[in-house]
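Now for the letters of each chain:
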Amino acid sequence: MPLGPARPGTQLPQAPPQAHEEAQREFALTLSGFTAQDKPQYEDYARCVHCGLCLNHCPTYRLLGREADSPRGRIRQMALVDQGRLELGDAFVTHIDRCLDCRACETACPSGVEYGKLVELARAQIEQKYRRPFASRVARNFVYRRLLPYPKRIAAAARFACFYQRSGLAAIARASGILRLLGLSEREALMPQIDREFFFSELGKTFPAQGTRRARVAFFAGCVAQVSFSELNRATIRVLQANGCEVVVPEGQVCCGALAAHAGVRDVARSLARTNIEAFRAADFDAILTNAAGCGSTLKEYGDLFPVDGAGADSSASRRTPAPKGEHEARSFSGRVRDVTEFLVESGLSFPLKPVPLRVTYQDSCHLLHGQKVREAPRKLIRAIPGVELVEMLHADQCCGSAGVYNVTETKTSLELLAQKMECAGQTKAQAIVTANPGCILQLRAGAAIHHTGQRVLHVIELLDRAL
Ligand code: SF4
Ligand code: SF4
């Protein structure tokens, strides 16, 4: 109930400072368009001084030329919704959905705005407060809640997709024009090629080091990667073994939760994080390695999913919720995560490399460069291979348009960004585009096919594996 003004001479009881803070927070929340759960804090927006230095680094701003589709514009909209001055409605959701979460703005920002955190929290608010169209609700519910958390369901869906791709059904669907009629032809081109043998069969195994053991590492195998990048995973293990690593692939690991976290489905991301922390807890690993930059970025930020009072964790979620038992382990888990390229450069290559005569260009994966700030490691590994000529492309640090499921949800924008990327890659006259994330590989392969460039697309590790 609102309090009236105090009568003269009336001494109001002094609330403890903590209660005062609590009351302020309650008051702010009555005005806010956001809820208390997974909410950005004022300090998160306040770091943005509206200088605009990020604008030219933002792919959606460069493409669409609208302030509302720039980092600065989106932060402003978040703050306005939070203050109750802008409706959390269709327009807000459109501009937030259109963001790639590529975090190029974070790298460009001189004020240290943690944009990735902001946009994921804004999406968490949308998830809680906005009713999407029926088809979107069904699709999101299926993908984030019913499919990705369950490896057996991923395998079942992959077997179905594999039958579609290899039985001739896909060829018939393409030739008949039905895909075009349903508006699915471009999305179908972006579909991953499903492997015959899934990587799930390798879970629980340990692969010995070749020669003297230099390290014992755990390998994080991904979710979709286990059905469409099994060979990349096997190549990663081969390269690590050759480099003197004993590689353990812990059983019980699940999807890292990146797709769910990026979509604002944070309860699922948290649950997946808990499972992974448990799966990788048992043994004494020197590092937890991934070959997927998108996964690595989220694995390194598990701490942000779990607010802990006074522990320097994510200040954005409710400080009143005590951390559940063991959640502080998220930080120690994250501290051990390394991208495989980062790890190989840190530990040094100890095996001889055969020449691979190839002219290549490197496309930075956003979540490796902007999310994890790893720029040089993949380039150093490429340059270390005799015979490989690395030619830098223009705007290698700009998103290719893959961005998790962005190429499916925002196909038109994604394909426009991809066309720009293929133009830049084509200018280098490289025979192969090398990158460090399976999602980027899928997008770039689709780009090479759509634009008939004839370029191969490889992971840095696949290039190293060829040099073994
Ligand atoms: S996000 Fe950073 S770079 Fe962009 S306008 Fe704000 S302070 Fe400037
Ligand atoms: S994350 Fe990428 S698309 Fe989104 S505002 Fe930042 S630079 Fe633009």
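Values in this document were obtained by computation on a predicted structure and should not be read as measured data.

Regarding the sheet that holds strand β7 (residues 388–390)
In any sheet, the strands associate via hydrogen bonds between backbone groups, in a parallel or an antiparallel arrangement.
Alright, step 1. One open sheet accounts for 4 strands, arranged β7-β6-β8-β9; its pairing is parallel. Looking at strand neighbours, the two that pair on one side only are β7 and β9 (456–459), the edges of this open sheet. Pairwise comparison of adjacent strand axes, ignoring direction, gives a mean angle of 35° for this sheet.
Alright, step 2. As paired strands, strand β6 (residues 358–362) and strand β8 (residues 432–435) are joined by 3 bridges and run parallel to one another. Pairing of Thr361 across the sheet is with Ile433, part of β8.

A short note on helix α24 (residues 411–427)
Alright, step 1. Between its terminal C-alpha atoms α24 stretches 24 Å, which fits the 24 Å expected from 17 residues at 1.5 Å a residue.
Alright, step 2. If you check which residues of α24 are buried, you get Thr411, Thr413, Ser414, Leu415, Leu417, Leu418, Lys421, Met422, Cys424 and Ala425.
Alright, step 3. Downstream of α24 by a residue or two, Lys429 has a phi angle that is positive, lying close to 60°.

Regarding the nonpolar core
Alright, step 1. Ranked by internal contacts, the top residues of the largest apolar core, which has 102 residues, are Val217, Leu240, Tyr302, Ile382 and Leu463.
Alright, step 2. Not counting chain neighbours up to four residues away, the residues in contact with Leu240 comprise Val217, Cys245, Val247, Leu289, Val340, Phe343 and Leu344.
Alright, step 3. Core analysis: the next-biggest nonpolar cluster, separate from the first, contains 23 residues, Phe34, Tyr45, Leu88 and Val113 among them.

Side note on helix α4 (residues 71–82)
Alright, step 1. With 12 residues, α4 should reach 16 Å at 1.5 Å per residue; the first-to-last C-alpha distance of 16 Å fits that figure.
Alright, step 2. Within α4, 10 of the 12 residues are buried, leaving the element largely enclosed by the surrounding structure.
Alright, step 3. Burial in α4 covers these residues: Pro71, Gly73, Arg74, Ile75, Gln77, Met78, Ala79, Leu80, Val81 and Asp82.
Alright, step 4. On its buried face, α4 is in contact with α2 (42–46), α3 (59–64), α5 (90–97), α6 (104–108) and α7 (115–129).
Alright, step 5. Phi turns positive, to about 75°, at Gly84, one or two residues after α4.

Analysis parameters
- Residues numbered from 1 in each chain as written.
- Chains lettered and ligands numbered in written order.
- Predicted model: local features only at pLDDT ≥ 70, side-chain atom pairs only at ≥ 80, totals over all residues.
- Heavy atoms only, no water.
- Pairing = 2+ DSSP bridges.
- Helix = DSSP H or I, 4+ residues; strand = E, 2+ residues; numbered from the N terminus.
- Axes fitted to C-alpha atoms, helices over the stretch in contact; angles between N-to-C directions.
- Expected span 1.5 Å × (residues − 1).
- Buried < 20%, exposed > 50% of the residue type's maximum accessible area, 1.4 Å probe, protein only.
- Core = buried A, V, L, I, M, F, W, Y, C linked by side-chain atoms within 4.5 Å.
- Contact = heavy atoms within 4.5 Å.

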